[in-house]
Amino acid sequence: MFKSRIRQRINPSIKCAVPAMVSLFLLFFVTGCAPTLYSVDLKYMTSDTAPPAAVGGHKSIMTVAAFNDARPGGKDLLIGRVTTALGGQTSVIPKNMDPSAAVSTIVKDVLVKSGYQVSVTMPAWNLQESDIRKEWGNLLIGGNIVELEVVCQNDIPIKTYDSRFRVTMVIADVQTGKIIHQVSTASSNSLEHVYFSEEMLGQQISSAITEAVVKAFEGDALKEKIQNALK
């Protein structure tokens, strides 16, 4: 009887305390183990659309300038975030290069895979004709990064990835010092997966960048302009 009374007194408090203790433990576990930052590798990804083939005169030098980071946040390394249902939020930044250099490198890789000869230099260019230098080969390619973001909702059991990239690309004839083409392209993708990783974050945003760059070089009108400039 005595033991029964003690059990009756203790059980109500235990029933109330256990859920609270479990909730506090889970909150501590999630916040305590969550990283403070994710860093992703931005690189050329194989695209569903093949890189456009080089036109005549492809042995001439093409120079890719460092793309200007024209996002509202300015030259910020932040390119995304990972959120959770509990309200957690972790920033995403590029791993090896800033956004400007990463986008420029992907543009160079697309051109090389298309068959063009691309200079190893990556000069700064403000997209003004007056600042084009003769030593920059035959064609100069630069532009502005307008949007660059990857977002992941890291929930259980489904993780949702969303990536967006938008760029304005400018192509100039170095020898005449004139801009011959300007185009704005954008690409986005979404993915639902049961697995989360920094690698998947990087793959999603890299795919969006590659797709938009490939789009920028499509079209017979641009090919004709490039061919005329390389003659």
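The structure under discussion appears in the preceding block.
Residues numbered from 1 in each chain as written. Predicted model: local features only at pLDDT ≥ 70, side-chain atom pairs only at ≥ 80, totals over all residues. Heavy atoms only, no water.

Caption draft 1: A look at the overall build of the protein. Counting its secondary structure elements, the protein contains four helices and nine strands. When the helices and strands of the protein are read in sequence order from the N terminus, they spell out α-β-β-β-β-β-α-β-β-β-β-α-α. The buried share of the protein, reckoned over its 231 residues, is 41%. In the protein, the share of contacts with a sequence separation of at least 24, taken over all contacts with a separation of at least 6, comes to 74%. If you sum the accessible surface of the protein, you get close to 12,700 Å²; carbon and sulfur atoms cover 55% of it. (Helix = DSSP H or I, 4+ residues; strand = E, 2+ residues; numbered from the N terminus. Buried < 20%, exposed > 50% of the residue type's maximum accessible area, 1.4 Å probe, protein only. Contact = heavy atoms within 4.5 Å. Areas by Shrake-Rupley, 256 points an atom, 1.4 Å probe, with all protein chains shown as cover.)

Caption draft 2: Representation of the pattern of salt bridges in the model. For the structure shown, the criterion picks out six salt bridges. A salt bridge links Glu-147 to Arg-166, with the shortest nitrogen-to-oxygen separation between them at 3.7 Å. Here Arg-166 lies in strand S8 (residues 159–173) and Glu-147 lies in strand S7 (residues 139–154), a separation of 19 residues in the sequence. A salt bridge links Glu-149 to Arg-164; the nearest nitrogen and oxygen atoms lie 2.1 Å apart. Linking Glu-149 in strand S7 with Arg-164 in strand S8, this pair joins segments that are 15 residues apart in sequence. Taken together, the shared-partner salt bridges connect Arg-81, Glu-147, Glu-149, Arg-164 and Arg-166 into one network. (Salt bridge = Lys/Arg side-chain N within 4 Å of Asp/Glu carboxyl O.)

Caption draft 3: Molecular detail of the packing of aromatic side chains. Evaluation of the coordinates by the stated rule reveals two aromatic pairs. With 5.1 Å between their ring centres and 70 degrees between their planes, Tyr-38 and Phe-196 make a pair best called edge-to-face. Of this pair, Tyr-38 sits in strand S1 (residues 37–40) while Phe-196 is found in the loop between strand S9 (178–193) and helix H3 (198–216), placing the two residues 158 residues apart along the sequence. In this structure, Tyr-38 and Phe-196 share a single accessibility class: buried. (Phe/Tyr/Trp six-rings, centres within 6.5 Å; stacked < 30°, edge-to-face > 60°.)

Caption draft 4: Expanded view of the side chain of Asp-69. Turning to its location among the elements, Asp-69 is positioned in strand S3 (residues 68–69). We classify Asp-69 as buried; its relative accessible area is 13%. Polar side-chain contacts of Asp-69 include one of 2.8 Å to the side chain of Arg-71. (Polar contact = N/O pair within 3.5 Å; in protein donor to acceptor, adjacent residues only side chain to side chain.)

Caption draft 5: Focus on the layout of surface pockets. Estimates place the volume of the second largest pocket at around 230 Å³. In terms of lining residues, the second largest pocket is bounded by 15 residues, among which Arg-71, Leu-78, Ile-79, Leu-148 and Glu-149 are the most central. For the lining of the second largest pocket, the leading source of residues is S7, giving four residues. (1 Å grid on protein atoms, 1.4 Å probe; cavity = no way out; pocket = protein on both sides within 12 Å on 5 of 7 lines; lining within 4 Å. Points joined across faces, edges and corners; volume = space filled by probe spheres on them.)

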